[in-house]
Structure formats: C-alpha cells, structure tokens
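In case you want the letters, here they are:
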Amino acid sequence: MGMDHRIATLEALERHYAAPRPQSLVKEVGRLTAEYRAWIAASPFVVLASVGDGGLDCSPRGDDPGFVQVLDETTLLLPDWPGNNRIDTLRNIVVDPRVALLFLVPGRSESIRVVGRAIISADPALLDRCASHAKRPVTVLVITIASVYFQCARAAIRSRLWDGAESGKSLPLPSIGEILQAIAADGEFDGKAYDAELGERVNRSLY
C-alpha cells in the first residue's frame, strides 16, 4: 500500500511542502537561552530518544518540574531513576551517544526540542546534585547540547492534548495486567492479581 506513490528523494519530498518560514529557522540555536532555560525548568516530563545496535528507543522520563537540570548553557543533567531494568536507552547511549529530547509543560501547547550527545555518569557529586525525595538516581545522563528550539502548538491543538485530561481515565482500554495475560505463552498469568498490586508496587519503587 502506498508504494506506487512513494517519495524516495529529497527533491520529490520538497515539492510537496512550502519553504519554511524564517521564524522556523531562526528559533534553532546551539545553546540554552534564558527563555529556553525557563521552559526546561518548568517541565516535569520529557521524552528521550536514542539509537544503538539494538535499534531505536523512545523513553518517557518525569519528576518534579526542573528535574532535568541546567549545568550550563550547553549542558543538561538528566537523572535515571529505577524502572524495569531493561535500560534500553542506556544501552543505546553506550554504543551511540546521540540523543533527542522533547520537553512538555502541562497545559502549554508548545514544546521544547533538544538534540545533543549524552554520556552516562555515576559521579557521586552528580548523583547528589540530582537527588530527589532523599534518594539518589542510579546514574545521571550528562547531555551536551547541539541544538535547541521550540515546537509550535499545532500538534497539541490538533490532538486536544490537554483538553479534559481526566477523560482518558474512563476510556475502555485494556489494563497492563490484561495486556500481559494476553501475551503470556502459558496462559497462566494472573492479570487481575497483577493489576491489583501494580499501583502500590509502582509507588514503592518511584525512587
């Protein structure tokens, strides 16, 4: 499907789109301005993209606003808290340091995009600096910024991302336990039991 109309060259692609407006180009800079710093300080949620031998990864990261710290105008610190221990993103960064980040601020339709390179650090001083709720992260990503720019509001407006945020809780979606039970090869996984204790387990292992 669609192969007859495949766009396979940059020239063909550019024929479908108008030239970018000047504002779309001037917004990209190689450092954090005071204005971009303010947005990152207000963000409690970032999506982190990476690439490595195992493929691509896109991982959500979140904590209190400002949990991604600005070390200087070209360096960010992103704490890595306990999770499922797959460490897909970290495995990628060991092989290929290129990363991209998308910062969101609840209620705001714009977002901030950062592209750079990351290293994984276990420096005790950085772990102390990024501590939260009296605990230190497992490691810290030290991200050197190559470019930073804002993403306009169109995607969030089209999706009505922040409209009726509570309404998603009532959608008839499969629970995590139901997803796992359907995948389980032996058919003996107890999805209801998993769901019953999931909230407590997650809250117990946030930090």
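The preceding data block contains the structure.
Residues numbered from 1 in each chain as written. Predicted model: local features only at pLDDT ≥ 70, side-chain atom pairs only at ≥ 80, totals over all residues. Heavy atoms only, no water.

> Help me out: how do you make sense of the overall build of the chain in this one?
In terms of helices and strands, the chain carries eight helices and seven strands. When its C-alpha atoms are laid out on the principal axes, the chain stretches across 55 × 55 × 40 Å. By the burial criterion, 30% of the 207 residues in the chain qualify as buried. Within the chain, contacts between residues separated by at least 24 positions form 62% of all contacts whose residues are at least 6 apart in sequence. In the chain, the 23 positive side-chain charges and the 26 negative ones have mean positions that sit 6 Å from each other. (Helix = DSSP H or I, 4+ residues; strand = E, 2+ residues; numbered from the N terminus. Buried < 20%, exposed > 50% of the residue type's maximum accessible area, 1.4 Å probe, protein only. Contact = heavy atoms within 4.5 Å. Lys, Arg positive; Asp, Glu negative; His and termini not counted. Charge placed at Lys NZ, Arg CZ, Asp CG, Glu CD.)

> Could you clarify how one ought to interpret helix α4 (residues 88-95) in this entry?
Residues lying three or four places apart along an α-helix face the same way, a consequence of the helix completing one turn every 3.6 residues. Taken together, the buried positions of α4 are T89, L90, N92 and I93. Buried residues of α4 fall within an arc of 160 degrees about the axis and therefore sit on the same side. What points out from α4, more than 90 degrees from its buried face, is the exposed set R91 and V94. Tucked inside the fold, the buried residues of α4 contact β1 (45-52), β2 (55-62), β4 (75-80), β5 (98-104), β6 (111-121) and β7 (139-151). (Arc of directions from axis to C-beta.)

> Please clarify how the side chain of S147 should be interpreted in this entry.
For S147, the position within the fold is in strand β7. With residues up to four places along the chain from it excluded, the contact list for S147 reads E28, V29, G30, R113, V114 and V115.

> Just to check I follow, could you spell out the pairing of β6 for this structure?
Side-chain positions along a regular strand alternate between the two faces of the sheet. Alignment of β5 against β6, held across six bridges, turns out to be antiparallel. When the sheet's bridge partners are listed, R98 is paired in β6 with R117. As consecutive antiparallel partners, β5 and β6 are separated by six residues, and within that stretch G107 has a phi angle of approximately 90 degrees, a positive value. Pairing between β6 and β7: eleven bridges, direction antiparallel. Following the sheet pairing, A118 is matched in β7 by I143. (Pairing = 2+ DSSP bridges.)

> What is the right way to look at the packing of aromatic side chains in this model?
For any two aromatic rings, the description comes down to two numbers: the centre-to-centre distance and the angle of the planes. All chains considered together, the criterion is met by two aromatic pairs. An angle of 85 degrees between the planes, with centres 4.9 Å apart, marks the rings of W81 and Y207 as edge-to-face. Of this pair, W81 sits in the loop between β4 and α4 while Y207 sits in the segment after α8 (191-204), and the two are 126 residues apart along the sequence. Here W81 falls in the buried class, since its relative accessible area comes to 12%. The residue whose ring lies beneath K27 is F150, and the NZ or CZ to ring-centre distance is 4.8 Å. (Phe/Tyr/Trp six-rings, centres within 6.5 Å; stacked < 30°, edge-to-face > 60°. Lys NZ or Arg CZ within 6 Å of the ring centre and 35° of its normal.)

> What's the story with the sheet that holds β7 in this structure? I'm lost.
Note on sheets: strands pair through backbone hydrogen bonds, and any given pair is parallel or antiparallel. Ordered in space as β2-β1-β5-β6-β7-β4-β3, the seven strands form an open sheet in which the pairing is antiparallel. Looking at which strands have only one partner, the edges of the open sheet turn out to be β2 and β3 (69-72). Shown here is a sheet whose adjacent strand axes are inclined to one another by a mean of 35 degrees, direction ignored. Here α4 sits on the sheet and contacts β1, β2, β4, β5, β6 and β7; the angle it forms with β2, its principal contact strand, is near 125 degrees. (Axes fitted to C-alpha atoms, helices over the stretch in contact; angles between N-to-C directions.)

> I keep staring at the nonpolar core and nothing clicks. Help me out?
Here is a general trend for soluble globular proteins: nonpolar side chains tend to be buried in one another's company. Among the nonpolar cores identified, the biggest contains 23 residues, and L76, L101, F103 and V114 are the most heavily contacted of them. Secondary-structure elements contributing two or more residues to this core are α3 (34-42), β1, β4, α4, β5, β6 and β7. When residues of this core are assigned to their parent elements, the largest contribution, five residues, is made by β7. Apart from the residues lying within four places of it in its own chain, the contact partners of L101 are V46, V47, L48, L78, I112, R113, V114 and I143. The next biggest cluster of nonpolar side chains, apart from the first, holds six residues, and it includes L77, L127, C130 and V140. (Core = buried A, V, L, I, M, F, W, Y, C linked by side-chain atoms within 4.5 Å.)

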